[in-house]
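For reference, the chains in residue letters:
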Amino acid sequence: TARLADPQAIAPGASFTLVAGGTSGTLEALRAGHVTAVAGRYPQSAATGALARYRTETFGSVGGVAIDEAAHVIYLTETSANRLHVITEVDPADPATWTIATLANLAGTAGFADGAADTARFRGPTGLYLDTAANVLYIADTGNHAIRALDLGAHTVSTIVNTTHALGFAGDGGDASTALLFEPTALTRCPNGDLFIADTGNNRIRRVAGGTISTVLGDGVAASSGEGAPARTFPVDAPRGLSCDAANGLFVTSSTFFRLLPASDLGVVDGSGVVQTIYGAPPHTGFPSSVTSCLTGLAVTGPAQLQVADACTGLLVQLDRSPVP
């Protein structure tokens with residue numbers, strides 16, 4: 001019976017799933033059949049100390065979320081304030097005890113600067129991906145058209161895609177650091193180490209492997225029609241969600257569509273394989289595909305289960321893979 005206000009990103013955990021609430025300025029948890037606010041904006045003029053749940057009415061939109069279950073910490077982007085925050089699960093069973101602290105860009109000033117996390121600058125950061133093995137948090141710095149990396153050990157920020165932070169589309173086949181993006185909003189890493197970027201403004205999905213960037217889906221046209229190969233020649237409409245499965249297959253949201261780029265026999269998605277539509281194909285007559293229209297966050301939540309959020313309807317849709325006969 002709950003309705004999510006403006007879900008933008010999903011981060012699954014063992015005991016709960018976190019949903020970045022977008023313009024609602026909240027971070028919500030789905031746990032044991034209930035939706036609970038765990039961090040963000042409340043209608044009050046003063047925050048209750050460092051408690052994550054009780055920010056003030058000025059707390060901004062939440063565009064991305066990532067979770068480190070072993071360390072009992074959660075990372076989120078306060079997009080409209082150009083900041084990154086870290087939440088500590090003081091008592092994992094009781095979100096009312098969780099605390100929050102600014103992780104990067106203490107001043108909240110919009111801009112572009114690498115270096116110490118406290119003084120690093122972002123411009124409307126959204127999607128996050130946490131590489132727990134490397135202890136690195138990857139950030140879709142949407143307003144700067146760049147992908148940034150926060151080394152959580154050294155507490156420093158660097159730019160790994162588009163060091164010039166100029167808007168555009170360029171660089172395929174070359175060094176990712178000099179490539180151009182247009183308002184990226186999501187990113188993920190497959191088990192094989194390949195990094196994928198939702199290059200949202202360019203209507204493309206980009207891949208970074210061995211430091212080289214390429215396009216694996218999208219021809220720049222804002223559409224989602226067609227299935228087949230090579231995937232890089234088929235359009236994708238404003239992708240905002242990415243997630244990999246255990247076999248290195250890549251799932252992508254695209255407006256009203258939810259698509260899959262299966263990994264090749266070599267276990268890679270390089271744009272030469274097929275693209276398949278697994279949700280939202282015409283005629284859109286059955287619920288929920290008949291009403292979903294703004295698919296955003298996406299997560300593989302189990303070996304045979306996926307979840308995708310729709311920002312317009314406030315729905316969180318679950319898809320369960322049928323067993324192969």
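Residues numbered from 1 in each chain as written. Predicted model: local features only at pLDDT ≥ 70, side-chain atom pairs only at ≥ 80, totals over all residues. Heavy atoms only, no water.

Caption draft 1: Just the pattern of salt bridges, in detail. Scanning the entire structure with this criterion turns up eight salt bridges. With a shortest N-O distance of 3.2 Å, arginine 189 and aspartate 131 are connected by a salt bridge. Note that arginine 189 is positioned in strand 14 (residues 186-189) and aspartate 131 in strand 10 (residues 125-131), a separation of 58 residues in sequence. Aspartate 131 sits in the buried class, given a relative accessible area of 13%. Arginine 206 serves as the salt-bridge partner of aspartate 199, at 2.8 Å between the closest nitrogen and oxygen. Residue aspartate 199 shares its accessibility class with arginine 206, and that shared class is buried. Put simply, Asp114, Asp141 and Arg148 are held in one network by salt bridges that share partners. (Salt bridge = Lys/Arg side-chain N within 4 Å of Asp/Glu carboxyl O. Helix = DSSP H or I, 4+ residues; strand = E, 2+ residues; numbered from the N terminus. Buried < 20%, exposed > 50% of the residue type's maximum accessible area, 1.4 Å probe, protein only.)

Caption draft 2: Just the state of the cysteines, in detail. Enumeration according to the criterion identifies two disulfides in this entry. The partner cysteine of cysteine 190 in its disulfide is cysteine 244, sulfur to sulfur 2.0 Å. Taking the sign of the S-S torsion, about -75° here, the bridge from cysteine 190 to cysteine 244 comes out left-handed. Taken as a pair, cysteine 190 in the loop between strand 14 and strand 15 (195-199) and cysteine 244 in strand 18 (residues 242-244) lie far apart in primary sequence, 54 residues in all. The exposure class assigned to cysteine 190 is buried, which follows from its relative accessible area of 4%. Shown here is the disulfide that connects cysteine 294 with cysteine 312, its sulfur atoms set 1.8 Å apart. Note on the cysteine 294 and cysteine 312 pair: the S-S dihedral is about -60°, so by sign convention the disulfide is left-handed. Of this pair, cysteine 294 sits in the loop between strand 21 (276-279) and strand 22 (295-302) while cysteine 312 sits in the loop between strand 23 (305-310) and strand 24 (315-320); the two residues are 18 residues apart in sequence, bridging distant segments of the chain. (Disulfide = S-S within 2.5 Å.)

Caption draft 3: Fine view of the sheet that holds strand 4 (residues 34-40). Taken together, four strands build an open sheet; the order of strands is 1-2-3-4 and the sheet is antiparallel. The sheet is open, and its two borders are formed by strand 1 (9-12) and strand 4, each paired with just one other strand. The mean inter-strand angle of the sheet, taken between neighbouring strand axes irrespective of direction, is 25°. Alignment of strand 3 (residues 26-31) against strand 4, held across six bridges, turns out to be antiparallel. The residue of strand 4 that forms the bridge with glutamate 28 is alanine 37. (Pairing = 2+ DSSP bridges. Axes fitted to C-alpha atoms, helices over the stretch in contact; angles between N-to-C directions.)

Caption draft 4: Representation of the nonpolar core within the structure. Counting residues in each nonpolar core, the largest one holds 19 residues, and the members touching the most others are Leu18, Leu27, Val38, Val65, Ile74, Ile87 and Trp98. Looking at this core, the elements with two or more residues in it are strand 1, strand 2 (17-20), strand 3, strand 4, strand 5 (62-68) and strand 6 (73-78). At three residues, strand 5 tops the list of elements feeding residues into this core. The contact partners of valine 38, leaving out residues within four places of it in the chain, are Leu18, Leu27, Glu28, Ala29, Ala52, Arg53, Pro95 and Trp98. (Core = buried A, V, L, I, M, F, W, Y, C linked by side-chain atoms within 4.5 Å. Contact = heavy atoms within 4.5 Å.)

Caption draft 5: Examining the layout of surface pockets more closely. Approximately 850 Å³ is the volume attributed to the largest pocket. Among the elements of the structure, strand 1, strand 5, strand 10, strand 14, strand 18 and strand 22 are those that each provide at least two residues to the lining of the largest pocket. For the lining of the largest pocket, the element with the highest residue contribution is strand 22, accounting for seven residues. In terms of residue class, the lining of the largest pocket is built from 20 nonpolar, 18 polar and four charged. The computed volume of the second largest pocket comes to approximately 260 Å³. Taken together, Thr1, Ala2, Arg3, Leu4, Leu30, Arg31, Gly33, His34, Val35, Gly314, Leu315 and Leu316 make up the full set of residues lining the second largest pocket. For the lining of the second largest pocket, the secondary-structure elements that each account for two or more residues are strand 3, strand 4 and strand 24. Looking at the lining of the second largest pocket residue by residue, the classes come out as six nonpolar, four polar and two charged. (1 Å grid on protein atoms, 1.4 Å probe; cavity = no way out; pocket = protein on both sides within 12 Å on 5 of 7 lines; lining within 4 Å. Points joined across faces, edges and corners; volume = space filled by probe spheres on them. Nonpolar A, V, L, I, M, F, W, Y, C, P; charged D, E, K, R; others polar.)

Caption draft 6: Inspection of the environment of histidine 284 at higher detail. When you line up the elements, histidine 284 lands in the loop between strand 21 and strand 22. Using a relative accessible area of 27% as the deciding quantity, one classes histidine 284 as partly exposed. A C-alpha to C-alpha distance of 9.3 Å links histidine 284 and threonine 256, two positions 28 residues apart in sequence. Excluding anything up to four places from it in sequence, histidine 284 contacts Thr256, Ser289 and Ser290. At a separation of 2.8 Å, a polar atom in the side chain of histidine 284 contacts the main-chain carbonyl oxygen of glycine 280. (Polar contact = N/O pair within 3.5 Å; in protein donor to acceptor, adjacent residues only side chain to side chain.)

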